[in-house]
Amino acid sequence: MTHTRNHPRWGAIVSAVIAAVCTALVAGLLIYDAVCVRAPAVQSGTAMGTVVTAKVWGPSGDQTARAVLDRLAALDKNCLSAYEGDSDIARINQNAGSSVKVSSYTAELLSHLIQAASQTDGAFDPTVGALVQLWDIGGPDERIPSASEIDGARGSVDWRQVQVHSDSVQIRKGQSLDTGAAGKGAACDEIRELLQTQNAESAVISVGGSILLYGKNPEGDPWSVGIRDPRGESSDRLGTLELGADLCISTSGDYERYFERDGIRYCHILDPRTGCPARSGLISVTVVSSSGVISDVLSTACFVLGYERSLPVLESFDNAQAVFVTDSREVYVTPGLADHFTLAAAGYTMGASS
Ligand code: AMP
Ligand code: MG
């Protein structure tokens, strides 16, 4: 009797112990995940003429982070570098007027850029090379060119005259391609594919003014991306964007490369219509998109177009959102980012969005 009476009680005790152990294990794992998230592998260096940082979570993170830097260097050397070496773009420029064999990557990228030039009504134009070289802003020969020099170089800027086939590209004699406004974002797209094949869990890759957020933040929070204060030091923040997984963020600003004459700032972003540095009333534009190349193209195009003219252009792209900063220090945020942006810097106010 005693035996049969005690049997269910033992069962209950054993079940309770198992349940307690399981609960402790699950709680332990959750606490481990929340507090002891594995540190990412971090690699920094220079590639594509800018500072690159790769933070990678997951197995073989170190190896993957190193592969990111190598891939960026190879992309620049083989495809994108505009004026030096024998990259595809450099060879197209050296052989303007003739058809040049290129990799399918370069041909595909250029056809995207031509499409983007059309969609931004030429505010972004990859054929600005001659103007970029004429002004040489931030370079040893920077100066204000004469009106006739500007007219001459401006005459060569026309994306419609670029002929792209599956494995060859031809520009008109006198034209010169410059992928500076799109290359870092395009590189983020290329790195996304590399991270996928390497089975990275999450990563943050920063290539100059473009950032790739790959996967979710392992800490469980949204990713937090600071936007630079365009009139502060390089570490000063205008504000913060809290963002979800798999997005690219590119910023174009008049503080990156510029010179001043008689109180006027001449920055490295050129308006193809005037042939002169853009003066649209903006000092910085940040664009968020799932595509790196689109975020980079649009940050430059919106900087040229100004706030009002940028809005319909942004709407013509799939889910591209932006933060604009005007020269009167007003900050405008498009509706899709309104709940994700927090202004941090003193001296700026939030403008009422159109
Ligand atoms: P970003 O910093 O992405 O706005 O790119 C600026 C760089 O793109 C410049 O340094 C030039 O090499 C090139 N660039 C300047 N203006 C334009 C433009 N309107 N369209 C295309 N590329 C441009
Ligand atoms: Mg750009």
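Here the residue numbers are simple positions, counted from 1 along each chain's written sequence. Chains carry letters and ligands carry numbers; both start at the beginning, A for chains and 1 for ligands, and go up in the order they are written. Confidence filtering applies because this is a predicted model: local features only for residues at pLDDT of at least 70, side-chain atom pairs given and counted only at 80 or more, and all residues used for totals across whole chains, interfaces and linings. Heavy atoms throughout the structure, all of them, feed into the side-chain values; hydrogens and water do not.

1. Quick notes on the overall build of the chain
Short version of the rule: Here a strand is any run of E in DSSP of at least two residues, a helix any run of H or I of at least four, and the numbering for each starts at the N terminus. Throughout, a contact is declared for two residues whenever any of their heavy atoms are within 4.5 Å. The Shrake-Rupley method, run with a 1.4 Å probe, gives the accessible areas here. Residue values count only the displayed protein chains as cover.
Within the chain one finds nine helices and 19 strands. In the chain, 59% of the contacts between residues at least 6 apart in sequence involve partners at least 24 apart. About 17200 Å² of surface is accessible on the chain, with carbon and sulfur atoms providing 51% of the total.

2. Topic: the sheet that holds strand β17 (residues 330-333)
Our working rule: Should DSSP find at least two bridges between two strands, the strands are regarded as paired. Only the stretch in contact is used when fitting a helix axis, every axis being a line fitted to C-alpha atoms; angles between N-to-C directions are given from 0 to 180 degrees.
Spatially, the nine strands line up as an open sheet ordered β1-β2-β6-β7-β10-β15-β16-β17-β19, and their pairing is mixed. The open sheet terminates on both sides in strands that have one partner only, identified here as β1 (41-47) and β19 (349-350). Packed on one face of the sheet, helix α2 (residues 61-80) meets β1, β2 (50-57) and β6 (202-207) and runs near 15 degrees to β1. Across the sheet, helix α7 (residues 183-197) lies against β2, β6, β7 (210-214) and β10 (247-253), angled at about 25 degrees from β7, the strand it touches most.

3. Some thoughts on the confidence of the model for the chain
Inclusion rule: Each residue carries a pLDDT score, the predictor's own confidence in it, on a scale running from 0 to 100.
For the chain, per-residue confidence averages 91 on the pLDDT scale, and 89% of positions sit at 70 or higher. Residue range residues 1-6 is modelled with pLDDT below 50. Its contacts to residues more than four positions away, or to other chains, number zero contacts. Low confidence marks residues 28-36, where pLDDT is under 50. Its contacts with residues over four positions away, or in another chain, come to three contacts.

4. A word on the coordination of the magnesium ion (ligand 2)
Selection rule: Counted as donors are the N, O and S atoms within 2.8 Å of the metal, or 3.2 Å for Na, K and Ca, while water is not among the atoms, so some sites may look incomplete. For every residue, the accessible area obtained with a 1.4 Å probe (protein chains only) is divided by the maximum for its type, and the residue is called buried under 20%, exposed over 50%, and partly exposed between those limits.
Coordination of the magnesium ion (ligand 2) by the protein involves A181 (O), D296 (O), D296 (OD) and T300 (OG1), with metal-donor separations of 2.1 to 2.5 Å. Written as a sequence motif, the donor arrangement for the magnesium ion (ligand 2) is A-x114-D-x3-T. Highlighted residues: A181 in the loop between β5 (168-170) and α7 and T300 in helix α8 (residues 292-305), separated in sequence by 119 residues. Each member of the pair, A181 as well as T300, carries the same accessibility label: buried.

5. Things to note about the site of ligand 1
Put simply, the test is: By convention in this text, a residue qualifies as near a molecule or strand provided that one of its non-hydrogen atoms is within 4 Å of it. We call two N or O atoms a polar contact when they sit within 3.5 Å, provided that within protein one can donate a hydrogen and the other can accept it, with sequence-adjacent residues counted only if both atoms are side-chain atoms.
Around ligand 1 lies a shell of 18 residues, among which A123, S252, R257, L270 and T300 are the nearest. Between A123 and ligand 1, the recorded distance is 2.9 Å, taken from a backbone N or O atom to a nitrogen atom. A181 places a main-chain nitrogen or oxygen 3.1 Å from an oxygen atom of ligand 1. Protein coverage of the free-state accessible area of ligand 1, which is 500 Å², stands at 94%. Of all the elements, α8 adds the most residues to the shell around ligand 1, at three residues.

6. Some points on α8
Keep this limit in mind: In this scheme, a helix's expected span is set at 1.5 Å multiplied by one less than its residue total.
Taking 1.5 Å of rise per residue, 14 residues should cover 20 Å, and α8 covers 20 Å from first to last C-alpha, within 8% of that figure. Counting buried positions along α8 yields 13 of 14 residues, so the element is predominantly enclosed. Directly after α8, the chain includes G306, whose backbone phi takes a positive value near 85 degrees.

7. Some thoughts on the environment of E201
With respect to the helices and strands, the residue E201 is situated in the loop between α7 and β6. Given the relative accessible area of 43%, E201 is considered partly exposed. In the structure, E201 is positioned 14 residues away from G215 in sequence and 6.5 Å away in space, judged by C-alpha atoms. E201 has contacts with R38, W57, G58, P59, Y214 and G215, leaving out every residue within four places of it along the chain.

8. Some details on unusual backbone geometry
With a phi close to 50 degrees, S60 is a non-glycine residue in the positive phi region. Within the chain, D121 stands out as a residue other than glycine whose phi angle is a positive 55 degrees. For D121, the location among the structural elements is in the loop between α4 (104-119) and α5 (129-135).

9. Description of the packing of aromatic side chains
As a reminder, the rule being used: Two rings belonging to Phe, Tyr or Trp (six-membered ring only in the last case) form a pair when the distance between their centres is within 6.5 Å. Interplanar angles under 30 degrees mark stacking, angles over 60 mark edge-to-face geometry, and anything in between is tilted.
If you walk through the whole model with that rule in mind, you get five aromatic pairs. Ring plane angle 25 degrees and centroid distance 5.9 Å describe the contact between W135 and Y266, whose orientation is recorded as stacked. Here W135, found in helix α5, pairs with Y266, found in strand β12 (residues 264-267); they are 131 residues apart in sequence, far enough to count as distant. With centroids separated by 5.2 Å and ring planes inclined at 20 degrees, the aromatic side chains of F259 and Y266 adopt a geometry described as stacked.

10. Some points on the nonpolar core
Going by this rule: To define a nonpolar core, start from buried Ala, Val, Leu, Ile, Met, Phe, Trp, Tyr and Cys residues and group those joined through side-chain atoms within 4.5 Å.
Grouped together as the largest cluster of nonpolar side chains are 70 residues, with contacts concentrated most on L72, I92, F124, L195, I205 and F324. Sequence-distant contacts of I205, defined by excluding residues within four places in its chain, comprise T53, A54, K55, V56, V68, I191, L195, S210, I211 and L212. Within the second largest apolar cluster, 22 residues are counted, among which are V225, L238, I283 and Y348.

11. Regarding the packing of α8 against helix α9 (residues 307-315)
How we decide: Angular relationships are summarised with four words: roughly parallel below 35 degrees, roughly antiparallel beyond 145, roughly perpendicular across 65 to 115, and oblique for the angles in between. Each residue is assigned to one of three groups, with Ala, Val, Leu, Ile, Met, Phe, Trp, Tyr, Cys and Pro labelled nonpolar, Asp, Glu, Lys and Arg labelled charged, and all others, Gly among them, labelled polar.
Following both chains from N to C, one finds α8 and α9 inclined at 140 degrees, their axes separated by 7 Å at the closest point. Classed by the angle they form, the pair α8 and α9 counts as oblique. Across the interface between the two elements, L298, C302 and L305 from α8 touch Y307, R309, S310, V313 and L314 from α9. Looking at the contact of α8 with α9 residue by residue, the class counts come to six nonpolar, one polar and one charged.

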